[in-house]
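If you want the building blocks of each chain, they are given just below.
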Amino acid sequence: MPPTLERADRYRSEPTVLQALRSPRLLTREVLAGLVVAIALIPEAIAFSVVAGVDPRVGLFSSFVLAVVIAFTGGRPAMITAAAGAVALVVAPVAREYGVDYLIATVVLAGLMQIVLAVIGVARLMRFIPRSVMVGFVNALAILIFVSQVPQLIDAPWAVYVLVAAGLGILYLWPRITRAVPAPLVAVVLLTAVVAVFGIGVPTVGDQGDLPQSLPELLIPNVPLTWETLQIIAPYAFAVALVGLLESLMTAKLVDDITDTHSRKTREAWGLGVANLASAFFGGTGGCAMIGQTMIGVKASGARTRISTFMAGVFVLVLVVALGDIVAIIPMAALVAVMIVVSIATFDWHSIRPSTLKRLPLSETVVMLVTVGFTVWTHNLAIGVITGVVTAMVLFARRVAHFTTVTRTVDGEVARYRVDGELFFASSNDLTTQFDYASDPAHVVIDMSGSHVWDASTVAALDAIVTKYAHRGTTVELEGMNDATAAFHGRLSGGLGAAG
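Trainee: Is there a simple way to explain the side chain of Glu-30 in this structure?
Mentor: The residue Glu-30 is located in helix H3 (residues 24-52) in this model. At 3.4 Å, the side chain of Glu-30 forms a polar contact with the side chain of Ser-308. Other than its neighbours up to four places away in sequence, Glu-30 contacts Ala-20, Gly-302, Ala-303, Arg-304, Thr-305, Ile-307 and Ser-308.

Okay, here's the thing in C-alpha cells:
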C-alpha cells in the first residue's frame, strides 16, 4: 500500500458518516447522542454567557455555530465544540471594560491566530505532553465536572436529591436493558415528565436565564481599525487562541484513546479557528472542545461520527428557539445526575490504586498531582496542563542529570577523564567541579566517546575546564566526540564569552 494511502487509512475512523447514514441503527444512535449533548449544552452555555458578561443568547448562538461548523472542519469525529468556560473567563474582562463589540473583535483575532498556529504546526507539540500530565488532565477534568454540579445541590429542595438519586439509578440500570436509546436521554425525559406531571417545585433550565426567540444574525463588530484597538484585544485574543487549542487538542487525544482511533490534530486546530471566526461573526463568544459534553456523547451515548456533533448544534438551535418552553422545564437535577455519572466514568481510578502508585516512579505521581492540583485550584485546564508539563520537564532534567559520570585515571604523565551520559544544562553545570586541576599532570585527555553534547551550557563548561587547566600550564585534549557533538562544539567553542 502506498504511504499516502496508509496515512489516510490511519485517520479513517469507523463508522464513517456514510456508513452511519446508511444504517438506521447507527444514525439513530448518532442523532440521539446529539440530542442528549444539546440538552446538556444549554444550561452550561447560559452559565458561561453570564461568566463572560453577555446575554445568554450570545452563548447559545455561539454553541450552535461552533458545533455545526466544527462538524465539517474539525479533525476529531464525535468531539463537541461549543461556548466554553475557559474561553469565557479569558474574554470576560473585554466585555466588561470595552463592550460586546470588542469581545467579538477579540474572538475574530483569536480565530485567525488559531489558523496561523495550526499552519505552523503547533498541534505537533502534543507529542511532548507526558502520559502523567494526560492522566492528571483527565482526573482534574472529572473533579471539575463533579464540583461544578455541587452548587445545584447546596440549599436545594429535598425533591432535588430524590430526583438526582433517581437519575443516577436510571443511568446505571438502563444500559442493562438496552443501549438503543442513550441512558442520559431517558433520564432527562422521565425526570422532566415526573416534575411536569406532579408539579414538583425544583430549579429548571429556564431558571438559568432567558432563552432566545429568534435566529442568530450576521454581525460585524463596530470597533475602530486602529493600533490602539489591536493593543487592547491582542493579549486576550492570544490567550483565547492558546487556551482553546490546548483544551481542544487534549480532548481530541483523550477521545482518540477512548475510541482507539487517530485524529488529525492540525486539522482540528485550524478547524477550531474557522469555527471561532464563524461564531464571532454571528455575535458569539467563541469556544473550544467541551470535554464534559464530549464524554456524554462518546462514553454515555456511544457517538462516533460528525453527525452527532452536527446534530448537537442543530438541536441547540431548535430546542431554544422552537421548543424553548419545553426545554425550560427540564429539571437541573436530571442534568446533575448525567454529569455526575460522566465525572465518575471520566476519572482514571486505576491511576490512584495503591498497587499502581507503588510501581510508578515518584516523579510520575508528582507530575500527575501537580497537574490535578493546579487545574482544580485555578479551574483552568490549560494552566494545569502547562504547569504539569513544566514540572515533568524539570523532574526529567533532574533525573537525567544524575546519569552523568566522570571517571579519572592517571597513567604516568597523562591524566585521563572519561565522561559518560547526556550533557545539557542540568548535568553540565557541575561538570567543572569533577576535575582535579591542582594534582593532574601536565597533559590531560578528556574522553567524550560515552557522552553527547546537547546545548551551549555544556560547551561553555568544557571551555571553562580547558581555561582552568591552561591557567596552570596544563594542556587538554578532547577526544572521542561523535560527529554531531564535534560539529556543535566546534561551532560554539571559544565564542561564548569569558570562561574560568
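Don't stop here, the text continues.
Trainee: Just to check I follow, could you spell out unusual backbone geometry for this structure?
Mentor: Most peptide bonds take the trans configuration, and most residues that are not glycine carry a negative phi. The backbone of Asp-155 sits at a positive phi, close to 50°, despite the residue not being glycine. Along the chain, Asp-155 turns up in the loop between helix H7 (131-147) and helix H8 (158-177). Judged by its relative accessible area of 78%, Asp-155 falls in the exposed class. One non-glycine residue with positive phi stands out, namely Asp-260, at about 55°. With respect to the secondary-structure elements, Asp-260 resides in the loop between helix H10 (227-259) and helix H11 (265-281).

Trainee: Got a minute to help me understand a nonpolar patch on the surface in this structure?
Mentor: A cluster of nonpolar side chains, contributed by Tyr-172, Leu-173, Ile-344, Trp-349 and Ile-352, occupies part of the molecular surface with about 500 Å² of accessible area. By secondary structure assignment, the location of Tyr-172 is in helix H8.

Trainee: Any chance you could explain helix H9 (residues 183-198) here in plain terms?
Mentor: Every α-helix carries 3.6 residues per turn, so stepping three or four residues along brings you back to the same face. An ideal rise of 1.5 Å per residue puts 22 Å on 16 residues; H9 measures up with 22 Å between its terminal C-alpha atoms. Within H9, the full set of buried residues consists of Ala-183, Pro-184, Leu-185, Val-186, Ala-187, Val-188, Leu-191, Thr-192 and Val-195. Following H9 by one or two positions, Gly-199 has its phi on the positive side, about 60°.

Trainee: What should I look at first to understand the packing of H8 against H9 in this one?
Mentor: Two quantities define a packed helix pair, namely the angle between the helix axes and the distance between the axes. Closest axis-to-axis distance for the H8/H9 pair is 9 Å, and the angle between their directions is 145°. Crossing angle aside, the handedness with which H8 passes H9 is right-handed. Residues Leu-163, Ala-166, Gly-167, Ile-170, Leu-171, Trp-174 and Pro-175 of H8 form the contact with H9, whose own contacting residues are Ala-183, Pro-184, Val-186, Ala-187, Leu-190, Leu-191 and Val-195. Partitioned by chemical class, the residues of the contact of H8 with H9 number 13 nonpolar, one polar and no charged.

Trainee: Whenever I open this one, the side chain of Thr-404 confuses me. Can you help?
Mentor: Secondary-structure assignment places Thr-404 in the loop between helix H18 (381-401) and strand E3 (405-411). Judged by its relative accessible area of 16%, Thr-404 falls in the buried class. Ignoring sequence-local partners within four residues, the contact set of Thr-404 consists of Asp-420, Gly-421, Glu-422, Leu-423 and Ser-427.

Trainee: Quick question: what am I supposed to make of the pattern of salt bridges here?
Mentor: Under the definition given, this model contains seven salt bridges. Glu-30 is paired through a salt bridge with Arg-29; the nearest N and O atoms lie 3.4 Å apart. Note that Arg-408 is salt-bridged to Asp-440, the shortest N-O span being 2.7 Å. Taken together, the positions of Arg-408 in strand E3 and Asp-440 in the loop between helix H19 (425-428) and strand E5 (443-453) put the pair 32 residues apart, joining distant regions of the chain. In this structure, a network of salt bridges that share partners links the residues Arg-76, Asp-256 and Lys-265.

Trainee: Is there a simple way to explain the packing of aromatic side chains in this structure?
Mentor: Note on aromatic pairs: each is described by the distance of the centres and the angle between the planes. Summed over all chains, the structure comprises nine aromatic pairs. Taking the centre distance of 5.8 Å and the plane angle of 80° together, the rings of Phe-72 and Phe-310 count as edge-to-face. You can see Phe-72 sitting in helix H4 (residues 56-73) and its partner Phe-310 sitting in helix H13 (residues 306-321), a full 238 residues away along the chain. Residue Phe-72 is classed as exposed on the basis of its relative accessible area of 58%. With 4.6 Å between their ring centres and 45° between their planes, Phe-347 and Trp-349 make a pair best called tilted. Take Trp-349: its relative accessible area is 46%, and that puts it in the partly exposed class.

Rules used in this analysis
- Residues numbered from 1 in each chain as written.
- Predicted model: local features only at pLDDT ≥ 70, side-chain atom pairs only at ≥ 80, totals over all residues.
- Heavy atoms only, no water.
- Helix = DSSP H or I, 4+ residues; strand = E, 2+ residues; numbered from the N terminus.
- Polar contact = N/O pair within 3.5 Å; in protein donor to acceptor, adjacent residues only side chain to side chain.
- Contact = heavy atoms within 4.5 Å.
- Buried < 20%, exposed > 50% of the residue type's maximum accessible area, 1.4 Å probe, protein only.
- Patch = residues over 30% accessible without salt bridge, like charges linked within 9 Å, V, L, I, M, F, W, Y side chains within 5 Å.
- Areas by Shrake-Rupley, 256 points an atom, 1.4 Å probe, with all protein chains shown as cover.
- Salt bridge = Lys/Arg side-chain N within 4 Å of Asp/Glu carboxyl O.
- Expected span 1.5 Å × (residues − 1).
- Axes fitted to C-alpha atoms, helices over the stretch in contact; angles between N-to-C directions.
- Left-handed = near helix turned anticlockwise from the far one by under 90°.
- Nonpolar A, V, L, I, M, F, W, Y, C, P; charged D, E, K, R; others polar.
- Phe/Tyr/Trp six-rings, centres within 6.5 Å; stacked < 30°, edge-to-face > 60°.

Treat this as a map of the structure, not an account of what it does.
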